[in-house]
Amino acid sequence: MKISTRGRYALRFMIDLAQHDSSEFTALRDISERQGISVKYLEQITSLLSKFGLLQSVRGPQGGYRLSRSPSEYTVGEILRITEGDLAPVACLATPENTCPKKEECATLDLWTGLHKVICDYLDGKTLDDLVSSAKRQEGNGDYFI
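As a starting point, this report considers the structure included with it. These figures come from a predicted structure and were not determined experimentally. (Residues numbered from 1 in each chain as written. Predicted model: local features only at pLDDT ≥ 70, side-chain atom pairs only at ≥ 80, totals over all residues. Heavy atoms only, no water.)

1. Quick look at the packing of aromatic side chains
Evaluated as defined, the whole model comprises two aromatic pairs. A ring pair is formed by Tyr-9 and Tyr-41, whose centres lie 5.4 Å apart and whose planes are at 70 degrees; its orientation type is edge-to-face. Separated by 32 residues along the polypeptide, Tyr-9 in helix α1 (residues 5-19) and Tyr-41 in helix α3 (residues 39-51) bring together distant segments of the chain. Overall, the relative accessible area of 22% leaves Tyr-41 in the partly exposed class. Directly above the ring of Tyr-74 sits Arg-69, whose terminal nitrogen or CZ lies 4.2 Å from the centroid. (Phe/Tyr/Trp six-rings, centres within 6.5 Å; stacked < 30°, edge-to-face > 60°. Helix = DSSP H or I, 4+ residues; strand = E, 2+ residues; numbered from the N terminus. Buried < 20%, exposed > 50% of the residue type's maximum accessible area, 1.4 Å probe, protein only. Lys NZ or Arg CZ within 6 Å of the ring centre and 35° of its normal.)

This is the structure we're talking about:
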């Protein structure tokens, strides 16, 4: 499984919103500048995230985006499924029912099922709040002491 730039940038965008969380809406150009991601690409990502209710948006000079929920209520898995699609490592596990004609005799199905479970459990166990906390800890590692 390989996460595309859309999935990675969506996480960076959501982390940025969470880090700069206020009751105000954040302009897309501000996030674009901080994250080094083009406004045009962020517009595609925000459209997708808004469609699924992860963001609130307002148009106009004071417009922008903000999270529709608390950062602790978003999982990394949720964000990646919206931007990447299913996280299954093989096609036969990408739908609720495995319709593969070889599923009964497949020697690797248990391996792929187990891997899929580990991926989902890990990504669904990490919240946006966890990523914000991790970013804060990393920022603190650059302190200089004399």
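2. Looking at the pairing of strand β1 (residues 55-58)
Here β1 pairs with strand β2 (residues 64-67) via four bridges, running antiparallel. Its bridge partner being in β2, Leu-55 is matched across the sheet by Leu-67. The antiparallel pairing of β1 with β2 creates a hairpin that spans five residues between the two strands, and Gly-60 there sits at a positive phi of about 110 degrees. (Pairing = 2+ DSSP bridges.)

3. A few points about α3
With 13 residues, α3 ought to run about 18 Å at 1.5 Å a step, and its terminal C-alpha atoms sit 18 Å apart, in line with that. Looking at the packing, one finds that the buried side of α3 touches α1, α2 (28-35), β1, β2 and α4 (76-84). (Expected span 1.5 Å × (residues − 1). Contact = heavy atoms within 4.5 Å.)

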